[in-house]
Amino acid sequence: MDNKKYILEAKGITKIFPGVKALDSVDFQLNKGEIHALVGENGAGKSTFSKILAGMYTPTEGEIFLNGQRVNIHHPLQAINLGIGMVHQERNLVPFFNAVENIYLNQEITSQSIFLRPDLMKKEVAQLMQKIGINFELDKPVSELGPSKQQMAEILRVLLLKPKIIIFDEPTSSLTKNETQIFFELLNNLKKDVAIIFISHRLDEVFEISDCITVLRDGKKINTVKTCQVNQEEVINMMVAREIKDLYPKTPVSIGGVVLEGRNISAGKLHDVSFKVHKGEIVGFSGMVGSGRTELAETIFGLRRLEAGEVIFKGKNIVPKSPRVMIKEGLYLIPEDRRVEGLNLQMNVKENLSVVHLEKVCSGMFVRKGQENKVAQDAVEKFDIRITNLQQIVGNLSGGNQQKVVIGKWLMEKAEVLIMDEATAGIDVGAKREIYKIMVKLAETGIGIIFISSDLPELIGMSDRIYVMNEGTITAEFPRERFSQQTILQYAIKDTNGK
Amino acid sequence: MPKQTRFKMNNFFSKYGVLISLFLLIIFFSIKAPRFMSIKNIISLLRQISILCLLSTGLTFCMILNEFDLSIGEVAGLSGVLVTTLLLAGYNLFISILIVLLIGITFGLINGLIVTKLKIDSFIVTLAMSTITLGCNYFITRGKPIYGEFPPGFIALGRGDLFSIPYPVIIALVVLFLGIIFTKKTKYGRYMYAIGGNIIAAQHSGITTDRYRILGLTLSGLCASMGGVVLASRLGSGQPTAGSGFMMNCFATVFLGTAIFGSKIPNLLGTFIGVVIIGVLSNGLTMIAVPYYYEYIIEGLVLIGAVALTKIQKK
């Protein structure tokens, strides 16, 4: 009776994976015309829950009602037929297909139900785009489109199915501020016809866009609240069960001499980039996606060829020929995509931790188990990696813990400079704070840190100094006392061609 | 500025390098052996490549799906042996070919089922299958060729012609043409490309990926056995080892095709051009009397070169 008014209601959803209770009798209600945010730390069960709604997992226990009707969803197709669409965090596109081909994948318009009609499909997509007020190239392979356009394609794909409910899993994680605003306008437009479940780590965005918030923690539902009736701090406290008073544990450290300096570096789209990093200093690099920060990091680390300019490391001129050379010198990079570049997900924690330092734990050609265990155990303790044992497979750890393994893997050795490229992207507030703590600890021991992040509050909270990059060059430098979100942003998005 | 022109040149070569090298090969052989460009030789060249073309067409279906089929050569060999055995046992031509094609389909189907249901890499499954097939082959032949009186219809299949176009060429081109329509114009082809490009995306779109992966390997088995039947007919006998040499050349053709026009993905038109290149090489080298062992070396180098070309383009 009562559930009649909800477009979707879930009752007592429990999901048990081998060894883990991912969801523990979660109740959830979604009203028509609302944007309902789902928040929680990594591993809280948001993804599992949304995947159950989208038919990718079957719940171990519990019931789902649509408009008061009990439904069973065992397959993504079933969910689609019931009107539940999902835009995933990972892009699920075929890279060499164009947008239309991707949007219509498995929904193709055909003649004689066999032969494709690309002309008709393109027309339909163009109409749909016009209706919701977006526009981008339809003929290029999607791999040549930017992340926001790829996401538009994903959204169009879901809209094509005329869903009544759309689930967005971390939709803004690859978008710039501007693109996020465009995306939010789109959401507000869509809201008239569909109910939206919005999963995000970025609480500012949750507060900006959502009508109500459901907080999950450790697989349990903590509360559902109206967004206008709470503030961020209250939500964070629900998420982590402990009060985070000061999110950024930055402490003043004594900053030493210059440890790393780049002079007039040019490489690829970088041109004439000069910067300095002092001992014990956290140097933030701000900028939009594509501004050249990652390229700079990779150039210093020896992954890209330095075309012009000099790198001065510990007082001597050094050519960053290869990562091997730089690692030997004591410069480390924690890459943007830990899953791809930083970790072997199939291997266990111990093996991941010891792989860069195998020489140290080997006698002759044989790995010495005891040594390896000891070294790994040290890293686990030092960086507070939460695991049940060293044999745990890294792929099964939460994002925050994976990131700690990456850091631990590099910092078993004495580093001089550490580059962190979007090291906190996609991990939850609690884990972020622990990464910050590690950063502070490292800075205290005199390590210089290059901290690349698109999360401006975190950059401001943690850095001693911030460089702003824009289109391959440094456009501004700010000392800590002159940090201002607005000014930094201005320099990051200013059209450099215009001046 | 000079850097940019160099980049454009690189781009040009990686896009059209395959076509240019085909062109250069033809010019080279025409100069070295004037007979090379004669109508007679061109027709015989086409006849030679028709079997490779059939097998490569099948392999392209697999490679579009990002699957391998290493068993095609041996399935072709077994098919040739089987069809001749059946004919000598007195079966009707039509029935014999039908049975053999069904057996080819069955081998492909088994490959597909093992790959999808037991989730074993197609590389391993088809590698094992090729040995199994060779074993079956030797079980039937005891390693000896199968000779005898075959019905004239069977011999015509490999040696006859229509308006002076050999039957094998017609068969290969028809299969190729149907394949192109299937992969480029139908939704099923679209699904196969989608699976090869991003299997997760395909699954999330509700495509029954297993079904199409099985289909790809099955088509490959079918094409291989068609090739085997035509081969036996051309040879006029069932040779146990006749199919063994094809597998590597097939891979070379598909990779050449992937590199052509910078398309970066396997496609049947490209495969066909790859087939022509291999054919021109093999025919031309024979014409200018290069010892056969060099041919193997060159074929190996072509395969590596073709794959290297696709890698360069992906960068």
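Definitions and cut-offs
- Residue positions within a chain follow its written sequence, with the count starting from 1.
- Chains and ligands are labelled sequentially in the order written, the chains with letters from A and the ligands with numbers from 1.
- It should be noted that, the model being predicted, local features are given only for residues of pLDDT at least 70 and side-chain atom pairs only at 80 or more, the latter also being counted only at that level, while totals for whole chains, interfaces and linings use all residues.
- Values reported for side chains reflect all heavy atoms of the structure, with hydrogen atoms and water molecules removed beforehand.
- Segments assigned H or I by DSSP are reported as helices when at least four residues long, segments assigned E as strands when at least two residues long, and all are numbered from the N terminus.
- Under the scheme applied here, a residue whose accessible area is under 20% of the maximum for its type counts as buried, over 50% as exposed, and between as partly exposed, the area being computed with a 1.4 Å probe on protein chains only.
- The criterion used for residue contact is that any of the two residues' heavy atoms lie within 4.5 Å.
- In this description, accessible areas are obtained by the Shrake-Rupley approach with a 1.4 Å probe, and a residue is regarded as covered only by the protein chains that are shown.
- In this analysis, strands are considered paired if DSSP registers two or more bridges between them.
- Axis lines are fitted to C-alpha atoms, over the contacting stretch for helices. Their N-to-C directions set the angle, which ranges from 0 to 180 degrees.
- The patches described consist of residues with a relative accessible area above 30% and no salt bridge, like charges being joined within 9 Å and nonpolar side chains (Val, Leu, Ile, Met, Phe, Trp, Tyr) within 5 Å.
- Each reported salt bridge corresponds to a side-chain nitrogen of Lys or Arg within 4 Å of a carboxyl oxygen of Asp or Glu.
- What makes a nonpolar core is a set of buried Ala, Val, Leu, Ile, Met, Phe, Trp, Tyr and Cys residues whose side-chain atoms join them at distances within 4.5 Å.
- Any Phe, Tyr or Trp ring, taking Trp's six-membered ring, that has another such ring centre within 6.5 Å forms a pair; planes under 30 degrees apart are called stacked, those over 60 apart edge-to-face, and the others tilted.
- Here, over-ring charges are defined by two tests on the NZ atom of lysine or the CZ atom of arginine: distance to the ring centre within 6 Å, and angle to the ring normal within 35 degrees.
- Any angle between 65 and 115 degrees counts as roughly perpendicular, while under 35 counts as roughly parallel, over 145 as roughly antiparallel, and the rest as oblique.
- Crossing handedness is read from the near helix: turned anticlockwise from the far helix by less than a right angle, it gives a left-handed crossing, and turned clockwise, a right-handed one.
- Here's the idea: put two parts together, see how much 1.4 Å probe accessible area each one loses, and the total over both is what we call buried area.
- Any N or O atom pair separated by 3.5 Å or less is treated as a polar contact, with the protein-specific requirement of one donor-capable and one acceptor-capable atom, and with residues adjacent in sequence counted only for side-chain atom pairs.
- Ten residues, namely Ala, Val, Leu, Ile, Met, Phe, Trp, Tyr, Cys and Pro, are considered nonpolar, four, namely Asp, Glu, Lys and Arg, are considered charged, and the remaining ones, Gly among them, are considered polar.

As for the overall build of chain A
- Along chain A, the regular secondary structure elements total 18 helices and 24 strands.
- A buried classification covers 53% of the 499 residues belonging to chain A.
- Long-range pairs, those at least 24 residues apart, make up 65% of the contacts in chain A between residues at least 6 apart in sequence.
- A total of about 22200 Å² of accessible surface is found on chain A, and carbon and sulfur atoms cover 48% of it.

Some details on the sheet that holds strand β13 (residues 258-267) of chain A
Residue and element names in this part refer to chain A.
- Strand order in the open sheet formed by four strands is β14-β13-β16-β17, and the pairing between neighbours is antiparallel. Two strands close off the open sheet at either side, each with one partner strand: β14 (270-278) and β17 (316-318). Pairwise comparison of adjacent strand axes, ignoring direction, gives a mean angle of 20° for this sheet.
- Along the sheet, helix α9 (residues 293-300) makes contact with β13, β14 and β16 (308-313), crossing β14 at roughly 70°.

Let's talk about the sheet that holds strand β11 (residues 212-217) of chain A
Residues and elements named next belong to chain A.
- Strand order across the open sheet formed by six strands is β6-β9-β10-β3-β11-β12, with mixed pairing between neighbours. The outermost strands of the open sheet, each flanked by one partner alone, are β6 (84-87) and β12 (220-226). Adjacent strand axes in the sheet meet at a mean angle of 20° when their direction is disregarded.
- Here five bridges tie strand β9 (residues 165-169) to strand β10 (residues 195-199), and the two strands are oriented parallel to one another.

Some points on a nonpolar patch on the surface
Residue and element names in this part refer to chain B.
- Together, Y292, Y293, Y294, Y296, I297 and L301 make up a nonpolar patch on the protein surface, roughly 750 Å² of accessible area in all.
- Within the secondary structure, Y294 sits in helix α13 (residues 292-314).
- A relative accessible area of 42% places Y294 in the partly exposed class.

Notes on the pattern of salt bridges
- The final tally for this structure, using the stated rule, is 21 salt bridges over all chains.
- The residue K314 of chain A makes a salt bridge to E329 of chain A at a minimum N-O spacing of 3.5 Å. Separated by 15 residues along the polypeptide, K314 of chain A in the loop between β16 and β17 and E329 of chain A in helix α10 (residues 323-329) bring together distant segments of the chain.
- Judged by its relative accessible area of 37%, K314 of chain A is partly exposed.
- With a shortest N-O distance of 3.6 Å, E329 of chain A and K316 of chain A are connected by a salt bridge. Taken as a pair, E329 of chain A in helix α10 and K316 of chain A in strand β17 lie far apart in primary sequence, 13 residues in all.
- Of the residues examined, K316 of chain A reaches a relative accessible area of 44% and is grouped as partly exposed.
- Where salt bridges share partners, they join E67, K117, D210 and R213 of chain B into one cluster.

Notes on the nonpolar core
- Counting 81 residues, the largest nonpolar core has V83, I207 and V280 of chain B as the members making the most contacts within it.
- Filtering out sequence-adjacent residues up to four positions away, I207 of chain B remains in contact with L105 and N106 of chain A together with Y191, A194, I195, A202 and Y212 of chain B.
- Formed by 49 residues, the second largest nonpolar core is a distinct cluster that contains M121, I196, I213 and M238 of chain A.

Quick look at unusual backbone geometry
- The backbone of S25 of chain A shows a phi angle near 30°, a positive value even though the residue is not glycine.
- For S25 of chain A, the location among the structural elements is in strand β2 (residues 20-30).
- Judged by its relative accessible area of 42%, S25 of chain A falls in the partly exposed class.
- In this structure, S164 of chain B takes a positive phi of about 60° despite not being glycine.
- Inspection of the secondary structure assignment puts S164 of chain B in the loop between β1 (161-162) and β2 (165-166).

Thoughts on the packing of aromatic side chains
- With the rule as written, the count across this model stands at 22 aromatic pairs over all chains.
- For the ring pair F150 of chain B and F154 of chain B, a centre distance of 5.5 Å and an interplane angle of 55° mean the geometry is tilted. Take F150 of chain B and F154 of chain B: they sit in the same class, and that class is buried.
- Following the ring pairs from residue to residue traces out a cluster consisting of F61, F182, Y188, Y191 and Y212 of chain B.
- The aromatic ring of F139 of chain B is capped on one face by R142 of chain B, whose charged end is 5.2 Å from the ring centroid.
- Geometry around F97 of chain A places R190 of chain B over its ring, the cationic atom sitting 5.6 Å from the centre.

Quick look at the packing of helix α3 (residues 72-88) of chain B against helix α5 (residues 122-141) of chain B
All names here are of chain B.
- Their axes nearest at 8 Å, the elements α3 and α5 cross at an angle of 25°. Classified by the interaxial angle, the pair formed by α3 and α5 is roughly parallel. The handedness of the crossing between α3 and α5 comes out as left-handed. When α3 is examined against α5, the residues E74, V75, G77, L78, V81, L82 and T85 are found in contact with a partner set consisting of S130, T133, L134, C136, N137, I140 and T141.

Here's the deal with the interface of chain B and chain A
- Taken together, the contact between chain B and chain A spans 21 residues of the former and 23 residues of the latter.
- Across the chain B/chain A interface, buried area totals approximately 1900 Å², and carbon plus sulfur atoms make up 61% of it.
- When the buried area of chain B at its contact with chain A is split by residue, R190, H204 and S205 of chain B rank highest and sum to 34% of it.
- Where chain B touches chain A, the interface holds seven residue pairs in polar contact (both at pLDDT 80 or more).
- Looking at the side of chain B that touches chain A, the elements that each hand over two or more residues are α7 (167-185), α8 (187-197) and α9 (199-204) of chain B.
- The element best represented in the side of chain B that touches chain A is α8 of chain B, accounting for seven residues.
- Here the residues of the side of chain B that touches chain A are counted per class, giving ten nonpolar, six polar and five charged.

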